[in-house]
Amino acid sequence: MKQAVITLLLALLYSSVLFAETISAPSNPLQQAEPPPWYQVDIIIFRNDASIKNTTEKWLKPSAYTYPAGAITLASPTPAVVADAVPSLTAITNIFQQPSPPLDLARDPFIALPDNDQQLNEEASLLNSSANYTVLDKIAWRLPVDPKTKAQPVRIQSQPNANETYLVNGTVTVSSYRFLHVDIDLWYDQLQPDALSTILMQKSEPKPDEISTNMQKNRSLFIVKSFHLKQIRRIQRTSEIQYFDTPVIGVLLKLTPYKKPVDLGILSNSAENT
């Protein structure tokens, strides 16, 4: 009799535990996992022109460079269509092909943001107005930072213009493991004066990244000297401008929390359910 009572009590206890777990479990599967926070990354890469002219500054010899595995190239937003424009042959041909979905600047990660969405425009203007510095690149993008997944480096490729003989390559990585960190890994390469003309003569219309790729494969032929900026920093206060200082190049970086709008698919599903 005593054994039967104990067995009955254990069965009731087990049933109550299962009932409590059922009540506490969220009814909506989407509520089980909290989405990772999003951030906007704004960076300015600039050069100290006084250091370029300083012959005593120590530079590195050109060496092989490859991007790390999984490095992401920022996507360019789809340009707006002009209503009165005459369609080109390429546009007419694309009508019969499967169109690619348009990029959503507000919701899609790893898109190069236009100037009006960037947050360091004023700082870039101040640097450009100085005779001591030259802005090499100004970039911004948004991304989720999830401590449960491996951080993905973003490729940085700054192409020289007609009046310059330099190349900037590298990555910027934002990660979160207990704390936010930013990893800056950039190479500033001084090119030979005829390096650009040599590559441009190989192809009439090279793609935007062909100059950089070709030079990286043949660094000893095109690059005279190099300077490496490699720094990892814990970000204690977001929205503050971080300054990465080296004798040759510097980086201004601003990491801003970004509230991603609700996905359109979730909104439509909610409307259907109601």
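Keep in mind it's a predicted model, so treat the numbers as computed, not measured. (Residues numbered from 1 in each chain as written. Predicted model: local features only at pLDDT ≥ 70, side-chain atom pairs only at ≥ 80, totals over all residues. Heavy atoms only, no water.)

## Here's the deal with unusual backbone geometry
Here is step 1: Of note, the phi angle at Arg178 is positive, near 75°, even though the residue is not glycine.
Here is step 2: Mapped onto the fold, Arg178 is located in the loop between strand 4 (166–177) and strand 5 (179–191).
Here is step 3: Although it is not a glycine, Ser239 adopts a positive phi angle of roughly 75°.
Here is step 4: Among the secondary structure elements, Ser239 is positioned in the loop between strand 6 (223–234) and strand 7 (241–244). (Helix = DSSP H or I, 4+ residues; strand = E, 2+ residues; numbered from the N terminus.)

## Some thoughts on the confidence of the model for the protein chain
Here is step 1: Averaged over all residues, the pLDDT of the protein chain equals 77, while 63% of them reach at least 70.
Here is step 2: Low pLDDT, under 50, characterises residues 17–26; the stretch is placed with two contacts to residues that sit more than four places away or in other chains.
Here is step 3: A low-confidence stretch, residues 80–93 (pLDDT under 50), is modelled with one contact involving residues beyond four sequence positions or located in other chains. (pLDDT = per-residue confidence, 0-100. Contact = heavy atoms within 4.5 Å.)

## Regarding the nonpolar core
Here is step 1: In this structure, Ile43, Trp141 and Leu253 are the most contacted members of the largest nonpolar core, which totals 33 residues.
Here is step 2: The leading source of residues in this core is strand 5, at five residues.
Here is step 3: Dropping the residues within four chain positions of it, Leu253 is found in contact with Val41, Asp42, Ile43, Val172, Val182, Ile184, Glu240, Ile241, Gln242 and Phe244. (Core = buried A, V, L, I, M, F, W, Y, C linked by side-chain atoms within 4.5 Å. Buried < 20%, exposed > 50% of the residue type's maximum accessible area, 1.4 Å probe, protein only.)

## Observations regarding the pattern of salt bridges
Here is step 1: Applying the stated criterion across every chain, the model contains four salt bridges.
Here is step 2: With a closest N to O distance of 3.0 Å, Lys138 and Asp115 form a salt bridge. With Lys138 in strand 2 (residues 133–144) and Asp115 in the loop between helix 3 (89–94) and helix 4 (121–128), this residue pair connects regions lying 23 residues apart in the sequence.
Here is step 3: Overall, Lys138 belongs to the partly exposed group, its relative accessible area being 21%.
Here is step 4: Across the pair Asp183 and Lys230 runs a salt bridge whose closest N-O atoms are separated by 2.9 Å. (Salt bridge = Lys/Arg side-chain N within 4 Å of Asp/Glu carboxyl O.)

## Structural notes on the pairing of strand 7
Here is step 1: The side-chain alternation of strand 7 yields one buried face, formed by Gln242 and Phe244, and one unburied face, formed by Ile241 and Tyr243.
Here is step 2: Relative to strand 8 (residues 249–258), strand 7 runs antiparallel, the two being bridged by four bridges. Across the sheet, the residue bridging to Ile241 is Lys254, located in strand 8.
Here is step 3: In this antiparallel pair of consecutive strands, strand 7 and strand 8, the connection spans four residues. (Pairing = 2+ DSSP bridges.)

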